[in-house]
Amino acid sequence: MTKQSMIAADEARFPLANLVLSPMNPRQNVPAAEVEELAESIWTAGLIQNLAGIMDGKGGAEIVAGGRRLRALQLLAERHADLAQVRPELANPPVRLAPDDSTAQAWAVAENSARRDLHPADEIRAYGKMERNGATPAAIARAFAVTEKSVYRRLALAGLPEAVIDALAANEINLSAAACFTISTDEARSLEVLEQCRGNTLSDYQIKKALKPDAVKDTDRRAKFVGIEAYQAAGGRVGGDLFAEETLLDDADILDAVFADRLAEVADSHKRDGWKWVEVSHADYLGYWFLQENGFERIHRVTGTLSPEQSERFDELTEQAEANALDEAGQEEFAALNAITEGDYTEMQRAHSGVIIYVDSRGEVQSYEGLIRKADKAEAVAAGVLAKSQQSADDAPKSPISQKLRDDLGRVSRGARQHAALRDPDLLIDLLAYQLSHNLYWSKPFGLSVEDVPNWPTTEADGYALDERLTENPPRDMYGKDLGKSFRAFRQKGADHIRGELVRFLAAQLRGGDEKLMALIEKETQPNTREVWTPTAANFFGRVGGPYMSDLWRDLLDLPADHPTATSFDKLKKGEKAAKLEALFRGDRDLRNALGVTGAQADEIAVWLPEGME
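Here the structure is a predicted model, which means the values were calculated and not measured.

Asks: Whenever I open this one, the nonpolar core confuses me. Can you help?
Replies: Nonpolar side chains in soluble globular proteins tend to end up buried together. Core analysis: the largest hydrophobic core is formed by 40 residues, its most contacted members being W533, F540, F541, L581 and L584. Looking at this core, the elements with two or more residues in it are α21 (403–421), α24 (495–508), α27 (546–557), α28 (564–570) and α29 (574–585). When residues in this core are grouped by element, the largest group, six residues, is from α27. Once you skip the residues sitting within four places of it in the chain, L581 turns out to touch F541, M549, L552, W553 and F569. In this structure, F225, L249, L255 and V385 belong to the second largest nonpolar core, which totals 24 residues.

Asks: Explanation requested: the sheet that holds strand β13 (residues 365–372) in the structure shown.
Replies: Working definition: the strands of a sheet are paired by backbone hydrogen bonds and lie parallel or antiparallel to each other. Sheet architecture is open: four strands sit in the order β10-β12-β13-β11, paired in mixed fashion. Every other strand in the sheet has two partners, leaving β10 (277–280) and β11 (297–298) as the edge strands with one partner each. Bridge count for β10 against strand β12 (residues 354–359) is four bridges, and the pairing is parallel. Each bridged residue has a counterpart across the sheet, and for V278 the counterpart in β12 is V355. Sheet strands in contact with helix α15 (residues 252–271) are β10, β12 and β13, and its direction is about 150° off that of β12.

Asks: It is not clear to me how helix α18 (residues 328–342) should be interpreted in this structure. Could you clarify?
Replies: Between its terminal C-alpha atoms α18 stretches 21 Å, which fits the 21 Å expected from 15 residues at 1.5 Å a residue. Among all positions in α18, only G330, F334 and L337 are buried. Looking down the long axis of α18, one finds its buried residues gathered within 70° of arc, a one-sided arrangement. Looking at α18, the residues exposed on the side facing more than 90 degrees away from the buried face are E328, A329 and E332. Buried positions along α18 lie against α17 (308–322).

Asks: Got a minute to help me understand the pattern of salt bridges in this structure?
Replies: One side chain can pair with another of opposite charge once the charged atoms of both are near each other. For the coordinates displayed, the defined rule picks out 30 salt bridges. In this structure, the salt-bridge partner of R543 is D408, at a minimum N-O distance of 3.0 Å. One end of the pair, R543, is in the loop between α26 (529–532) and α27; the other, D408, is in helix α21, and 135 residues separate them in sequence.

Rules of the game
- Within any chain, residue numbers begin from 1 and follow the written order of that chain's sequence.
- Thresholds applied to this predicted model are a pLDDT of at least 70 for local features of residues and 80 or more for the giving and counting of side-chain atom pairs; totals over whole chains, interfaces and linings are not thresholded and use all residues.
- Note that water and hydrogens are dropped before the side-chain values are worked out from all heavy atoms of the structure.
- The criterion is simple. A nonpolar core is a set of buried Ala, Val, Leu, Ile, Met, Phe, Trp, Tyr and Cys residues joined through side-chain atoms within 4.5 Å.
- For each residue, the accessible area found with a 1.4 Å probe, counting protein chains only, is set against the maximum for its type, and the residue is called buried under 20%, exposed over 50%, and partly exposed in between.
- Helix and strand definitions follow DSSP, with helices as H or I runs of at least four residues and strands as E runs of at least two, each counted in order from the N terminus.
- Whether two residues are in contact is decided by their heavy atoms, any of which lying within 4.5 Å being enough.
- Strand pairing is assigned whenever DSSP identifies at least 2 bridges connecting the two strands.
- To get an axis, a line is fitted to the C-alpha atoms, and for a helix only the part in contact is used. The angle between two axes follows their N-to-C directions and goes from 0 to 180 degrees.
- An expected span of 1.5 Å times one less than the residue number is assigned to each helix.
- Here, the arc refers to the directions that run from the helix axis to the C-beta atoms.
- Any Lys or Arg side-chain nitrogen located within 4 Å of an Asp or Glu carboxyl oxygen qualifies as a salt bridge.

Structure below.
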């Protein structure tokens, strides 16, 4: 092409021979290595950014911005004599033309002082094109003056559906959202999720969940327990998130099957130990409440006694163990002595009891041993394995309070303890220091880190009012904020504000610890559940049966069963009974006068709590 062809009013194509570097261009001297790298990039990916110049009055143009690109194009022309035939777009590059010298000067300064990086979508396409043409990541990194790690991250996105990259280029999604699509190999599903992203603010988690709703992370307890290799051996597919550096297991059904099989194998190994029965549970935690609800009695190991010499040696080994100074022989000796102190179940105990196996949240096998079923209790007593005085919770009359209601009442009780703990900030801070400096496992007083310490009923919270510091001002969302500036402002509010925030957080995390620690805390804080909770029709009375309310009505008012006030109450519908009791507890003056409530009865009503509340 020897004649310029106009592309737009302010842009034209010129033969390379008609282009020269303008004196206005600040980049008069460029290292040869940079020109070599840029030439390689242009040959592979094309000229991504046009040149800019001003007409020279001789049919050509002087380049004021894009000096490196011009030199790289000229180098390609030297190397390829047939450049005009094989790559005409490079032999005749487009040039944006300035209307006058002042504009040209402004362009020269602007491009070289405020150069903008390529849009990520352009980088993805350019890197991908170079890779498809045979360039290595190292060569791409040199050509674009970036790190190889950056190239790899962009190349990981080069295989995305074109529509996803188009959406990134149009700023309809950000780079983080685009990266989420790398976990999917289903293009149709990817395009469906992309449509959900347009015009909506979806988090990375929501995008990944939409792309693979059934995928399981390798941090899942099931995956940790069985191992990725066993899962794959069963036909399970593994995907990944390059940017979050996590592994995803795509076949949850296969994982569940492998998990169940592996758990059954562990159970079989326990059966060989002589237990009467062995069961597995798919729960990740079994608390004492589970034993109570299912009527189990639990027996314990028969412990041994160390001789004076063994006791002395055990103390020595304990000190060495704490100092990490035990060799292999010492560890074996310590384990043997420790086994004596911990004891073991006898053959007779095993013959009358069983084991429940489960996998905890860390993927580790846990077990409840020495459990006697209700049906086996009589035989265990006859065999001398279980004391006759022991009684299962299921032997007692069934409580009229449902487990769900009991859970809600427990939350209210916990809220009352937290409410009271706010009165003693020093105690809370002391407890925190204690927990942080001691590994208390499940007996820790605060539910810190990933744990939730619920203090609000799951349904109706009418009649329940905690200190607002426990229910208001949730953690502020700091996404995208200047944390340094925010922290400086936080500190400027003063020590009292900081201490108040700490105390409020600690009170809301209070769990209690073990029985003795909880007793100590409550002795100092004096919690009173009725200070924050009053039973109402919605939060309690409407959730128990009519007979329960009739019994409560008689007990609180000291009425015999045949008293007219008692019999008339019995005839009421359940909702009417609940309303009457609520009015009684709320202190309805007319009702209490009509019933002749005494001072002693009023005092009893003021402190009454359902069974199970503390």
